[in-house]
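# Remarks on the overall topology
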Amino acid sequence: MKSAIFQLDGLGVRFGPVQALRAVTLRIEPGESVALVGANGSGKSTLLRVLHGLIRPTSGQLRADSAARQAMLFQRPFMLRSSALNNVALGLWLRGTPWRAARALALQALQRVELQEQAFRPARTLSGGQQQRLALARAWALAPDVLLLDEPTASLDPHAKREVEQLMAEFSHGRAGQPLTMVFASHNLGQVKRLATRVVYLEHGRVLADLPVAQFFDAEGLKAASIEADLFVKGELV
Amino acid sequence: MSNGDSYDTRFMSTITESAASALQLLIPPDPVLLSIVARSLGVSATACAIGCALGLLFGAWLGVARFAGREAINTLTNTLLAIPAVVVGLLVYLLLSRSGPLGYLGWLFSVEAMVLAQALLVLPIATALTRQIVEDRENWHGQQLRSLGAGTGLRGLLLAWDERYALLTVIMACFGRAIAEVGAVMIVGGNIEGFTRVMTTAIALETSKGDLPLALALGLILLTVVLLLNAAIAVLRRWREQSEGQSRQLATSQGLT
């Protein structure tokens, strides 16, 4: 059996009185594209942060492939008060690339997301969609094996959404024959259909359904797995 | 004429006399006054540079670090914001007096002692305000910087650098506190003419001698110096905001936002 990128066994996270994740058991294989769906407060973002090592589980076990390089994209990317190029180069520099080489690699990453003409503009003057593409470039420059995305298109207009989604689709194919494992949280069911190979439905911190994407959107299959998930897909539960 | 009118008239005439005295001191420039202004600026700028350098670094680190006892340090620095300058002066006096632990330096009644006292005075201001600014940013964006691989120290520095314009205001507040205080420099400097006399100690001296117009004139000059510095900082900030605003306008005109 090949080794998993992430293996979670009965994992729980508690923030004071709030139990954000409860007994989550999940296995994510290399090259999978997993969508985390569920209503607000269901634990999607917490789960992503646990996978990325930003939050420690309070119970259960998390085993992550330590050789796999990770990068994470947030709903509202943080850009330093500096140029777009420097913001991308910063990520590389923080992981040990000398500054000059980091800037050269950053320029390539900006070309990848078609932002090379904005390289020397202050990052914060870019539009929301451009900033999200910039964040994708920053993540992509790190040559990740695992890309974690927390509702990356949630606050974007339809045009910017399409651009970012297009890049996500391209990135999900990996590069140089290396598969990319993508785990993303989304409320956009169309996006989930287009990008995911597998869907994990969360409610109140529990995994209620974990199905291949085709099965998740098949009414009978989903109803059998979880009535709540079925209602969510029909738009009757938010 | 009522007593109230009499006081008003006296007040106004003192102010007018002070303004005239200030002008007389400035045109042509009085060399003694210039040396006092230069000493004031030199002492306070050096103290501010030392206190702010340490305070900004320590505050930035406190803003992101999480450890047992952190809250106690925060409470202590916040309390020290209100420490009277004379108390700092007294502590530095005790440190530097011949029998004190730093007495061997021979700094008492010297410019160095004044710098040390003012640096200690501004240190908690720089620390507490920087800590608050950086902590707010850390709460919003700390996870993203951690995700990129920034450890505690680097995160503090990056967030402080990102908030450099806000920190400029902190530095100005520190400078204002340093140049305006009189208690500490009076105790450790001794107000020695031509050696440790600065604007505030000169004002205190002239007031005690009863030369109120001259004291007020010195006060007006002190305010003018600080006003000019603040204006320079404001121009710098405005210039930065405008240059960033123009980039945004350009982006809007190109349909990029």
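This text goes with the structure placed above it.
All of these numbers come straight from a predicted model, not from anything done at the bench.

## Looking at the overall build of chain B
Within chain B one finds 10 helices and 0 strands. Reading chain B from its N terminus to its C terminus gives the helix and strand order α-α-α-α-α-α-α-α-α-α. The C-alpha extent of chain B, read off along each of the three principal axes, is 70 × 60 × 40 Å. In chain B, which comprises 257 residues, the proportion classed as buried is 37%. Looking at chain B alone, contacts between residues at least 24 apart form 77% of all its contacts between residues at least 6 apart.

## Section: the sheet that holds strand E2 (residues 18-28) of chain A
Residue and element names in this part refer to chain A. With antiparallel pairing, the 3 strands of this open sheet are ordered in space as E2-E1-E4. The open sheet has two edge strands with one neighbour each: E2 and strand E4 (59-64). Adjacent strand axes in the sheet meet at a mean angle of 25 degrees, parallel and antiparallel pairs treated alike. In terms of strand pairing, strand E1 (residues 6-15) meets E2 through 7 bridges, oriented antiparallel. If you follow Leu8 over to E2, its bridge partner there is Leu26.

## A few points about the interface of chain A and chain B
Facing the 17 residues of chain A at the interface are 16 residues of chain B. Secondary structure elements with two or more residues in the side of chain A that touches chain B: helix H1 (44-52) and helix H2 (84-94) of chain A. Tallying contributions element by element places H2 of chain A first for the side of chain A that touches chain B, with 3 residues. Residues that form the side of chain A that touches chain B fall into these classes: 8 nonpolar, 5 polar and 4 charged.

## So, H1 of chain A
Of all 9 residues in H1 of chain A, 7 are buried, a share of seventy percent or more. At the C-terminal side of H1 of chain A, Gly53 of chain A shows a positive phi close to 85 degrees.

## Quick word on the sheet that holds strand E8 (residues 198-203) of chain A
Residue and element names in this part refer to chain A. Within the open sheet, the 6 strands sit side by side as E5-E6-E7-E3-E8-E9. Their pairing is mixed. One side of each edge strand has no neighbouring strand; the edge strands of this open sheet are strand E5 (70-73) and strand E9 (206-212). Direction aside, neighbouring strands of the sheet carry axes that sit 15 degrees apart on average. In this structure, E8 lies alongside E9, joined through 6 bridges in antiparallel fashion. The partner of Val199 across the bridge, within E9, is Leu211.

## Remarks on the pairing of strand E7 (residues 181-185) of chain A
Residue and element names in this part refer to chain A. Judged by how many residues are buried, E7 sits mostly within the fold: 5 of 5 residues are covered. Of the two faces of E7, the one lined by Thr181, Val183 and Ala185 and the one lined by Met182 and Phe184 are each fully buried. Sheet topology places strand E6 (residues 146-150) next to E7; 5 bridges connect them, and they run parallel. Note on E7: the bridge partner recorded for Leu149 is Phe184. With helix H5 (residues 158-172) bridging E6 and the parallel E7, this β-α-β connection has right-handed handedness.

## Looking at unusual backbone geometry
Residues and elements named next belong to chain B. The phi dihedral of Phe109 is positive, around 60 degrees, even though this residue is not glycine. Structurally, Phe109 is set in the loop between helix H4 (85-96) and helix H5 (111-148). Accessibility expressed as a C-beta count within 10 Å gives 18 for Phe109, which makes it partly exposed. The backbone of Asn191 shows a phi angle near 55 degrees, a positive value even though the residue is not glycine. Under the C-beta neighbour-count criterion, Asn191 is labelled partly exposed, with 18 such atoms within 10 Å.

## A short note on the packing of H2 of chain A against helix H4 (residues 128-141) of chain A
Residue and element names in this part refer to chain A. Between H2 and H4, the least distance of the axes is 8 Å, while the angle of their chain directions is 30 degrees. On the basis of their axis angle, the class for H2 and H4 is roughly parallel. Judged by the twist between their axes, the crossing of H2 over H4 is right-handed. Here H2 contributes Ala84, Asn87, Val88, Gly91 and Leu92 to the contact with H4, which in turn contributes Leu134, Ala137, Arg138 and Ala141. Partitioning the contact of H2 with H4 into residue classes produces 6 nonpolar, 2 polar and 1 charged.

The rules we used
- Residues numbered from 1 in each chain as written.
- Chains lettered and ligands numbered in written order.
- Predicted model: local features only at pLDDT ≥ 70, side-chain atom pairs only at ≥ 80, totals over all residues.
- Helix = DSSP H or I, 4+ residues; strand = E, 2+ residues; numbered from the N terminus.
- Buried ≥ 20, exposed ≤ 12 C-beta atoms within 10 Å, placed from the backbone.
- Contact = placed C-beta atoms within 7 Å.
- Pairing = 2+ DSSP bridges.
- Axes fitted to C-alpha atoms, helices over the stretch in contact; angles between N-to-C directions.
- Nonpolar A, V, L, I, M, F, W, Y, C, P; charged D, E, K, R; others polar.
- Right-handed = clockwise from strand over helix to strand, strands pointing away.
- Parallel < 35°, antiparallel > 145°, perpendicular 65-115°, else oblique.
- Left-handed = near helix turned anticlockwise from the far one by under 90°.

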